[in-house]
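# Descriptive analysis of the structure
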Amino acid sequence: MPSTPRPAATAVPRRALLRTGAVLAAGVSTGAAACTTGDDAPRAGADRGAGRGRPHEVVSRGAEGGGVLDPGTTRPGEAALAVSRAVLARSTAVVVSSTDPRSMDAGADVARRLGIPALVVDEGLETELEAELDRLGTRTVVRVAPRSGGSTATPAVPRRLGRREVVDAGSDDGLAGLPGLPRKPPGAGALVLAAEGAEVTSAAAATLAAVGARTTPLPQPDPRAQPEVVEALRAHPEAAVLGLAPALDAQRFARRVRTARFADELPGGGLLAFPGRMMVALYGHPGTSSLGMLGEQSAEKAVRRARRAADEYAALTDVTVVPAFEIIATIASGGPGDDGDYSTSAPVSKLRPWVEAAERADTYVVLDLQPGRTHFLEQAKSYEELLRRPWVGLALDPEWRLGEDERHLEQIGSVDVDEVNEVGAWLAALVREHDLPPKVLTLHQFRPSMIRGRERLDTSLDEVQWVVHADGQGPQHAKQGTWGELRKGLPKGVWLGWKNFEHEDTPMLTPRQTLEQVRPTPQFISYQ
């Protein structure tokens, strides 16, 4: 009875695999599975037999994969394992070499030609290697050793790796071919974000080649800050991502990659409010002219007024200037009110049209809280619906934070930094949950005593960009004194804001004067 015709085997000539003194014989075939020779070769058993004739596959991990690798400090075995864990979901055939440079280069050469990944046996990492082969579902291991003294030297690679097929690539007659090896990049591939000059070992490079990895330069550690990197990530949303740069934190890098892929851009473009841009805001409450410029007109007219103000600054600076609203969402009140908190909260329904008008006009929004005797976090949570929008940040006004027995205008309010940090942590979690760009979180201040323990501000939050906003008013020499005082001991990574008061400043600075006289230049400038 005639058999079904088989495709012809694709052989890789032995002479084509000569490299750095290694003699390698490797073939690719859709026929019988590879076998090993030698007395200690694994015998055909259930596992080995089950793999015979089955096509081999290499499967990338896709967007759920990824990791980081420090190219300057990692041992060869660690590097190979790190890359495999980052980009591979499955590989039923793997090349394994020793740490000998000739063995690694030869193994990488075989892996590239066969289209499969490469791992390295490194001292002390044997258990990790076995675990990775188990995770990958590896059935066949191609073992590579350098040539020494005219014959294949005994490699550091074990001759038994579980109950897998072990093929000696350097033997004269042990390899007839491996069935069904992949010839095209599998799945979603991978994306390598590489710092300048960063390189991987030959084994790690072969694994990246096996999944069809692409490389994009990473000029600085934060992928959110670089348009070219963001573009590459969004062009390949299903690819695993490997960060190849010194001192990257794996968890933080993964979150930043996710933000770069999925978060909406901010007004003015990009994903980070600062650096590289300035916001110019109208401050106040909708429909209440006595609380600031914002409430002197309708939302649509306020948008146009904010744009004109921003344009005045844009004509004087090279940085991107973005118009903004700072909307007082909760207003300090003279009486306790029904809930006894000395604060009146505007309903979301009243603020929503202003937030949406700002969105249509590419204008950022900050919701300002004057909480009275209420915890800042309690009030912030009541505006979660609005804060889930990408272009809406938050401001805390400690001047109006009262103690249990205090009343407004009898003293200047204050808050402990622990309460501030609670708000920051909640806002950061909201950013992560909804794939938002980092939020601007502003702290209004004109006396050091208004924020107790400010030096403990949690600036490690990657999803929050803190701004300390100087709210001093009056003569310019007094405002400059306040400005200087607030900058003392400013935690690292905190940006600065400045407020111009239309009626209380004597005189109010023009845009040019603000940029020339307020140093360092503030990133957030508001008008009340």
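Residues numbered from 1 in each chain as written. Predicted model: local features only at pLDDT ≥ 70, side-chain atom pairs only at ≥ 80, totals over all residues. Heavy atoms only, no water.

### Some thoughts on the overall build of the protein chain
So the rule is basically this: Secondary structure follows DSSP: runs of H or I at least 4 residues long count as helices, runs of E at least 2 residues long count as strands, and numbering of each begins at the N terminus. Between buried and exposed lies partly exposed: a residue is buried under 20% and exposed over 50% of the maximum accessible area for its type, with that area taken using a 1.4 Å probe on protein chains only. The contact definition used throughout considers only heavy atoms, calling two residues in contact when any of these lie within 4.5 Å. Accessible surface area values rest on a Shrake-Rupley calculation with a 1.4 Å probe, where residue burial reflects the displayed protein chains alone.
Each helix and strand counted, the protein chain has 14 helices and 26 strands in total. Here the protein chain holds 528 residues, and 53% of them are scored as buried. Relative to all contacts within the protein chain whose residues are 6 or more apart in sequence, the contacts with residues 24 or more apart total 76%. Working note: accessible area of the protein chain is about 22,500 Å², and carbon and sulfur atoms make up 49% of it.

### Some thoughts on the pattern of salt bridges
For the record, the criterion: Any Lys or Arg side-chain nitrogen found within 4 Å of a carboxyl oxygen on Asp or Glu counts as a salt bridge.
Here the structure, examined in full by the defined rule, presents 28 salt bridges. Between Arg 75 and Asp 122 there is a salt bridge, with its nearest N and O atoms 3.2 Å apart. Here Arg 75, found in the loop between β4 (66-69) and α2 (76-87), pairs with Asp 122, found in the loop between β7 (118-121) and α4 (126-136); they are 47 residues apart in sequence, far enough to count as distant. By relative accessible area, Arg 75 is classed as partly exposed at 34%. Across the pair Asp 134 and Arg 164 runs a salt bridge, and its minimum N-O distance is 2.3 Å. Taken together, the residues span a long stretch of sequence, with Asp 134 in helix α4 and Arg 164 in the loop between β10 (151-152) and β11 (165-168) at a distance of 30 residues. Salt bridges linked by common partners bring Asp 222, Arg 224, Arg 252, Arg 256 and Asp 462 together as one network.

### A closer look at the pairing of strand β6 (residues 93-98)
Our working definition: Here, a strand pair is defined by DSSP locating no fewer than two bridges between the strands. By convention a crossover is right-handed if, when the strands point away from the viewer, the path from the first strand over the helix to the second runs clockwise.
The buried fraction of β6 is high, at 6 of 6 residues. Neither face of β6 is left uncovered, since the one carrying Ala 93, Val 95 and Ser 97 and the one carrying Val 94, Val 96 and Ser 98 both have all their residues buried. Strand direction decides the pairing type here: β6 and β7, joined by 4 bridges, are parallel. Within the sheet, the bridge partner assigned to Val 96 lies in β7 and is Leu 119. Considered for its hand, the β-α-β crossover made up of β6, helix α3 (residues 101-114) and β7 is right-handed.

### Notes on the side chain of Asp 368
By the secondary structure assignment, Asp 368 is in strand β19 (residues 364-369). Those residues within four positions of Asp 368 in sequence are excluded, and the remaining contacts are Tyr 283, Glu 326, Ile 327, Ile 328, Ala 329, Thr 330, Ala 395, Asp 397 and His 444.

### Some points on the packing of aromatic side chains
Inclusion rule: Ring pairs are drawn from Phe, Tyr and Trp, using the six-membered ring of Trp, whenever the two centres fall within 6.5 Å, and their geometry is named by plane angle: stacked under 30 degrees, edge-to-face over 60, tilted for the rest. We call a charge positioned above a ring when the Lys NZ or Arg CZ atom is no farther than 6 Å from the ring centre and deviates by at most 35 degrees from the ring normal.
Counting across every chain of the model gives 3 aromatic pairs. Aromatic side chains Phe 274 and Trp 495 sit 5.8 Å apart centroid to centroid with 45° between the ring planes, which places their arrangement in the tilted category. Highlighted residues: Phe 274 in the loop between α7 (250-262) and β16 (277-284) and Trp 495 in strand β25 (residues 495-500), separated in sequence by 221 residues. The ring of Trp 498 has Lys 479 lying over it, and the distance from NZ or CZ to the ring centre is 4.8 Å.

### Section: the sheet that holds strand β14 (residues 214-217)
The test is simple: Helix axes are fitted only over the stretch in contact, all axes being lines through C-alpha atoms; the angle between N-to-C directions runs from 0 to 180 degrees.
Read from one edge of the open sheet, 4 strands run β4-β15-β13-β14, paired in parallel fashion. At either end of the open sheet lies a strand with only one pairing partner, and these are β4 and β14. Going across the sheet, the axis of each strand differs from the next one's by a mean of 20°, ignoring polarity. The pairing of β4 with strand β15 (residues 240-244) spans 4 bridges and is classified as parallel. When the bridges of β15 are listed, Gly 66 appears paired with Val 241. Against the sheet, helix α6 (residues 227-235) contacts β13 (190-194), β14 and β15, and its axis sits at roughly 170° relative to β13. α7 contacts β4, β13 and β15 of the sheet and is inclined by roughly 125° relative to β15.

### Points about the confidence of the model for the protein chain
Put simply, the test is: How sure the predictor is of each residue is captured by pLDDT, a score from 0 to 100.
Of the residues in the protein chain, 83% reach a pLDDT of 70 or more, and the chain-wide mean stands at 85. Segment residues 1-51 is flagged for pLDDT under 50; beyond a separation of four residues in sequence, or across chains, it makes 114 contacts in the model. Below pLDDT 50 for its whole length, residues 171-176 participates in 12 contacts with residues either more than four positions away or in separate chains.

### Things to note about the packing of α2 against helix α5 (residues 202-210)
Convention followed: Any angle between 65 and 115 degrees counts as roughly perpendicular, while under 35 counts as roughly parallel, over 145 as roughly antiparallel, and the rest as oblique. Each crossing is labelled by how the near helix is turned from the far one, with a counterclockwise turn of less than a right angle marking it left-handed and a clockwise turn marking it right-handed. For this classification, the nonpolar set comprises Ala, Val, Leu, Ile, Met, Phe, Trp, Tyr, Cys and Pro, the charged set comprises Asp, Glu, Lys and Arg, and every other residue, Gly included, is treated as polar.
Between α2 and α5, the shortest axis-to-axis distance is 8 Å and the interhelical angle comes to 15°. As far as their axial angle goes, α5 and α2 are roughly parallel. The crossing of α2 and α5 is right-handed. Seen from α2, the contacting residues are Ala 79, Ala 80, Val 83, Ser 84 and Val 87; seen from α5, they are Ala 203, Ala 204, Thr 207 and Leu 208. Looking at the contact of α2 with α5 residue by residue, the classes come out as 7 nonpolar, 2 polar and no charged.

### Some details on the packing of α6 against α7
It is the contact of α6 with α7, at a shortest axis distance of 8 Å, that shows an interaxial angle of 80°. Taken together, the axis directions place α6 and α7 in an arrangement best described as roughly perpendicular. In this structure, α6 contributes Val 230, Leu 233 and Arg 234 to the contact, and α7 contributes Val 257, Thr 259, Ala 260, Arg 261 and Phe 262.

### Examining α2
Our working rule: Residue count minus one, scaled by 1.5 Å, sets the expected span of a helix.
Spanning 12 residues, α2 covers 17 Å between terminal C-alpha atoms, matching the ideal 16 Å at 1.5 Å per step. Extensive coverage of α2 is indicated by the burial of 9 of its 12 residues. Of the residues making up α2, those classed as buried are Gly 77, Ala 79, Ala 80, Leu 81, Ala 82, Val 83, Ser 84, Ala 86 and Val 87.

### Notes on the sheet that holds strand β8 (residues 140-144)
One open sheet holds the 4 strands; their spatial order is β7-β6-β8-β11, and the pairing between them is parallel. Only two strands of the sheet have a single partner each, and these edge strands are β7 and β11. For this sheet, the mean inter-axis angle between neighbouring strands, taken without regard to orientation, is 30°. Along the sheet, α3 makes contact with β6, β7 and β8, crossing β6 at roughly 165°. Contacting β6, β7 and β8, α4 runs over the sheet at an angle of about 155° to β7.

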